Amino acid sequence: VQLQQIKLTETQIKGYLAASKPLAEVAEKIEAAGDKPDPKLLAQLEDIAKQHGFKSYDELDLVISNISFVLSGFDDKGGFTDPHAALKDELEQVKADKGMKADEKANAIAEIEEAIKTTPPLTHQENVTLVKKYLKELDDILQGQH
């Protein structure tokens, strides 16, 4: 399933930053519940989303997905490369690598080609500037969740 890309707003990013702590607490409880989360917990996700300026949890989830997608393009120094373009570069490097075993190379090429299919080019360049403005906070939250 390809990511539905949206143009992020500063309000959405601030809303997500504010909602992240209560979301993480509820998400932990949902994960602990396994395959059958309590409907009350799912309702809490909706409430948290609405309290932080979102129409629904689905809207908040879409914002989080878009933020994560943009974050995936940043390197350790805060430089940005479109994730789709980075995968294409990686594919060319693997194809040109003379030192890899043929089977390893074939597997790596297949994996990268699959990733390229599911990673669309970034459509809203302005999201990069906005995410970069909040890079440290967003990175801290998403690192804490994984």
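In this text, all values refer to a predicted model and were calculated from it rather than measured experimentally.

Conventions we followed
Residues numbered from 1 in each chain as written. Predicted model: local features only at pLDDT ≥ 70, side-chain atom pairs only at ≥ 80, totals over all residues. Heavy atoms only, no water. Salt bridge = Lys/Arg side-chain N within 4 Å of Asp/Glu carboxyl O. Helix = DSSP H or I, 4+ residues; strand = E, 2+ residues; numbered from the N terminus. Buried < 20%, exposed > 50% of the residue type's maximum accessible area, 1.4 Å probe, protein only. Contact = heavy atoms within 4.5 Å. Expected span 1.5 Å × (residues − 1). Arc of directions from axis to C-beta. Polar contact = N/O pair within 3.5 Å; in protein donor to acceptor, adjacent residues only side chain to side chain. Core = buried A, V, L, I, M, F, W, Y, C linked by side-chain atoms within 4.5 Å. Axes fitted to C-alpha atoms, helices over the stretch in contact; angles between N-to-C directions. Parallel < 35°, antiparallel > 145°, perpendicular 65-115°, else oblique. Nonpolar A, V, L, I, M, F, W, Y, C, P; charged D, E, K, R; others polar. pLDDT = per-residue confidence, 0-100. 1 Å grid on protein atoms, 1.4 Å probe; cavity = no way out; pocket = protein on both sides within 12 Å on 5 of 7 lines; lining within 4 Å. Points joined across faces, edges and corners; volume = space filled by probe spheres on them.

S.K.: How would you sum up the pattern of salt bridges? Please name residues and give values.
M.R.: Using the criterion set out here, one finds 4 salt bridges in the structure. A salt bridge links Lys-136 to Asp-140, with the nearest nitrogen and oxygen atoms 3.0 Å apart. One end of the pair, Lys-136, and the other, Asp-140, are both in helix 7 (residues 135-145), 4 residues apart, so they sit about a helical turn from each other. Note on Lys-136: relative accessible area 58%, which makes it exposed. The partly exposed category is assigned to Asp-140, whose relative accessible area is 44%.

S.K.: Describe the environment of Ile-141, and please don't skip the residues or the numbers.
M.R.: Summarising the element assignment, Ile-141 is placed in helix 7. Relative accessible area serves as the criterion here: at 17%, Ile-141 is assigned to the buried category. Note: C-alpha distance between Ile-141 and Ser-20 (121 residues apart in sequence) is 7.1 Å. Ignoring any residue separated from it by four or fewer positions in sequence, one finds Ile-141 in contact with Tyr-16, Leu-17 and Ser-20.

S.K.: Run through helix 2 (residues 39-51), naming residues and quoting values.
M.R.: With 13 residues, helix 2 extends 18 Å from end C-alpha to end C-alpha; this agrees with the ideal 18 Å at 1.5 Å per step. Within helix 2, burial applies to Leu-41, Leu-45, Ile-48 and Ala-49. Projected down its long axis, helix 2 shows its buried positions confined to an angular sector of 100 degrees, all on one face. In helix 2, the exposed positions that point more than 90 degrees away from the buried face belong to Pro-39, Lys-40, Lys-50 and Gln-51. In this structure, the buried side of helix 2 is in contact with helix 1 (10-33) and helix 3 (57-71). Where helix 2 begins, the side chain of Asp-38 points an oxygen toward the backbone nitrogen of Lys-40, at a separation of 2.7 Å.

S.K.: Now, about the nonpolar core: what can you tell me, with residues and values included?
M.R.: Ile-13, Tyr-16, Ile-67, Val-131 and Leu-138 are the most contacted members of the largest nonpolar core, which has 31 residues in total. The set of elements that each furnish at least two residues to this core consists of helix 1, helix 2, helix 3, helix 6 (126-133) and helix 7. In contact with Ile-67, other than residues within four places in its own chain, are Leu-8, Ile-13, Tyr-16, Leu-138 and Leu-142. By size, the runner-up hydrophobic cluster in this structure holds 7 residues, among which are Val-94, Ala-108, Ile-109 and Ile-116.

S.K.: So what's going on with the packing of helix 2 against helix 3? Residues and values would help.
M.R.: At a closest axis distance of 8 Å, the pairing of helix 2 and helix 3 adopts a crossing angle of 70 degrees. The orientation of helix 2 relative to helix 3 falls into the category roughly perpendicular. Counted together, Leu-45, Glu-46 and Ala-49 of helix 2 and Tyr-57, Asp-58 and Leu-60 of helix 3 form the full contact between these two elements. Looking at side-chain class alone, the contact of helix 2 with helix 3 contains 4 nonpolar, no polar and 2 charged residues.

S.K.: Can you lay out the confidence of the model for the protein for me, pointing to particular residues and giving the numbers?
M.R.: On average, residues of the protein score 92 in pLDDT, and 97% of them are at 70 or above. The lowest-confidence element of the protein is helix 7, averaging 82 in pLDDT; the highest-confidence one is helix 6, averaging 96.

S.K.: If you had to explain the layout of surface pockets to someone new, which residues and values would you point to?
M.R.: Its volume calculated, the second largest pocket comes out at about 180 Å³. Contributing to the lining of the second largest pocket are 12 residues, with Leu-71, Ser-72, Leu-135, Asp-139 and Gln-143 lying nearest its centre. At the level of elements, helix 3 and helix 7 are the ones that each hand at least two residues to the lining of the second largest pocket. Element by element, the count of residues in the lining of the second largest pocket is highest for helix 7, at 5 residues. Looking at side-chain class alone, the lining of the second largest pocket contains 4 nonpolar, 4 polar and 4 charged residues.

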